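Overview (structure and organization)
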Amino acid sequence: MLCLALAAYSARTTVAQESEAVCGPKFLIPEGNGGKVLILCEKRNTILRLDIQSGTVVSQAPTAESPFAACLHPDGKRMYVSCRRGQRILELDINSLGVLRSFELRGDPTGVSVSADGKRLYAGVHSLDQIAVFDLESGSEIKRLAAGNGPEAVLLEPRRGRVYVTNLLPSPNPPDRPCRTEITVIDDRTARVVERLVLDGANIGRGIAFVKDGSLGIAAISRPKNLVPMVQVARGWVVTNGFAVLSPGLDALPVQLLVDEPNQAYADPHDVVITPDGRKFYLSCAGVDTVISVDVGRLRKTVDEALAGHLPGYANHLGLSRRYVVARISVGANPQALAIDRNGQRLFVANRLDDTITVIDTASDEVVATIALGETDRGDRVARGERLFHSAARTFQNQFSCASCHPDGGFDGLQYDLEPDGLGENPLDNRNLRDVAGTGPFKWAGSNPDITTQCGTRTGKWITRTGWLNSGQVVNLAAYIRSIQAVVNPYRSPDGQLTAAQHRGKVLFERITLNDGTPIPEENRCNFCHAGPKYFDGRQFDVGTKGIRDTKTEFDTAHLVNIFESAPYLHDGRAATLEEIWTVYNPDGQHGVSSDWTKLQLNDLVEFLRGL
């Protein structure tokens, strides 16, 4: 068993990184037998090589902005690092960590994986719902494949020659239907999509892993019950947490199972690793600072029973986890990435919000070391608020955190029913929190003047069903929310110049007359409500979108910054695309005069809006 002097580790590494305290470990790759681990530091824009035995960083190198994920080349000499805000993938020398090549691409790359023959690189592009394919000999991008909604993890399963891509957000679906997400499957030989595995009732697809023979795969998911009123939080029935079991080669749908217990949830499943012998897998639950150990043999028996029809309602069964969960291990703050050494003896856990690496002995499922990468107790207001945002500790039975519905600071693409205005009435689309500062008032009714009010006692009363936060904590949480950056917009030129289509769309957006020259009343022009740098006016209007379940007619003017990523649209999420706002849900011209637009004008307007 690994024995480490924890106090010595903390002192040594804190001193070594004293001038660069904030790290944010995001992704891990063990080297060799696990004596060293490569760590992507999201907040510092670096890659570290950590010696586990001594607890020291032995080398480091800069990356582009926001390193997200990494993979090794089959030759063992190179690795690839996706940098989400940097909009590029770096090819690094595995020994020196120096940059060999940089592959720029349109959009924000997420998961990466190299083909079995080492000739191609696959990269998820979250904001465009695509998978970019690169030829590694020439270094050029050769094509894009259509993914699901927000591709996240990308993993090659070499035995069957398939590349699996999880997707963070739900596939398009009517707002009155249960959500569903997709796992996109690519044939590695042809680099074509050959299957789309639909996970009904699931959302927030994150990490994925396979046993060595490829016969079983595990993907981290959440199972929201957003169609029931939020009063069901008090019954443990709004967000459940677990994983999907894939059985490649069998004519069987993925089996979804939970890790929750009847009176205790394990919020925000994030990453998955499987031991080399295939006997256990581990799941990080980022919202409750826990890693869960699952016995794969017991799991296979449960899956067989589910497929045989002997476990009705298994996907929502809160009592099944006792069959296959063998340990629930407390770790540091916001554990996301997991990695396991080649021998399967040590599990490494990246605790993103306290800058530590937890080492777990896989035989005993006990923590044997915690290695500090920097200052573990950051006292600034934003850092404290970020921890609150990502913690489910103040939600009834730990069902969800703020990040459960606002993953990566954004949104989950779902609609919810809060009961203060009546059960089953006024369903509301969840709103994106990126770059939300300065866009008050909040709520679709515009009833909360600022973020602090939005995050205050009403949250505890109507959402978390707990005592919630004290006033100082609410201020910290609001400070973090105001700090969340917008994603890099792939439709916006780096120099701010408009394309020809965007320029024509801008003219239409700002027009004062119809195509025939008839004046448009000022209050019915696009830029009357959508004005200023964030294209909103802080007021509420009746734009003809009242639905059959709405008791109100006026709704808050939505800001338009990065509107390209915030589908579905309108207050209740009924418009699946920007086009539908006017082609389907503006019959009387109350939401801007659109009846005289040509198809080309609509296309141009959409291009302009996507670039905002």
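Note: the structure precedes this text.
The structure contained in this document is the topic of the report that follows. No experiment lies behind these values; they were computed from the predicted model shown.

All right, on to the sheet that holds strand β22 (residues 280–285) then. Judged by pairing direction, the sheet is antiparallel, and its four strands sit side by side in the order β21-β22-β23-β24 without closing on themselves. Looking along the sheet, the strands with just one partner apiece sit at the ends: β21 (269–274) and β24 (325–330). On average, each strand axis in the sheet is inclined to that of its neighbour by 20°, with strand direction left out of account. Two strands pair when backbone bridges link them, and β22 and strand β23 (residues 290–295) are joined in this way by six bridges, in the antiparallel orientation. Counterpart to S284 in the pairing with β23 is V291.

Spatially, four strands are ordered β13-β14-β15-β16 in an open sheet, and the strand pairing comes out antiparallel. At either end of the open sheet lies a strand with only one pairing partner, and these are β13 (149–157) and β16 (192–200). Across the sheet, the mean angle separating the axes of adjacent strands is 25° when strand polarity is ignored.

With that settled, the discussion passes to unusual backbone geometry. Residues G440 and P441 are joined by a peptide bond in cis, for which omega reads 5°. Locating P441 in the fold gives a position in the loop between β30 (428–429) and α6 (451–454). At the junction of A567 and P568, the peptide bond is cis and its omega measures out at 0° in the coordinates. Structurally, the position occupied by P568 is in the loop between β32 (555–556) and α11 (578–583). Even without being glycine, Q397 reaches a positive phi, approximately 60°. Among the secondary structure elements, Q397 is positioned in the loop between α4 (381–389) and α5 (402–405). Given the relative accessible area of 19%, Q397 is considered buried. For N562, which is not glycine, the phi dihedral falls at a positive 55°. Assignment of secondary structure puts N562 in the loop between β32 and α11. When its relative accessible area of 3% is taken as the criterion, N562 is described as buried.

Conventions we followed
- Residues numbered from 1 in each chain as written.
- Predicted model: local features only at pLDDT ≥ 70, side-chain atom pairs only at ≥ 80, totals over all residues.
- Heavy atoms only, no water.
- Pairing = 2+ DSSP bridges.
- Helix = DSSP H or I, 4+ residues; strand = E, 2+ residues; numbered from the N terminus.
- Axes fitted to C-alpha atoms, helices over the stretch in contact; angles between N-to-C directions.
- Buried < 20%, exposed > 50% of the residue type's maximum accessible area, 1.4 Å probe, protein only.

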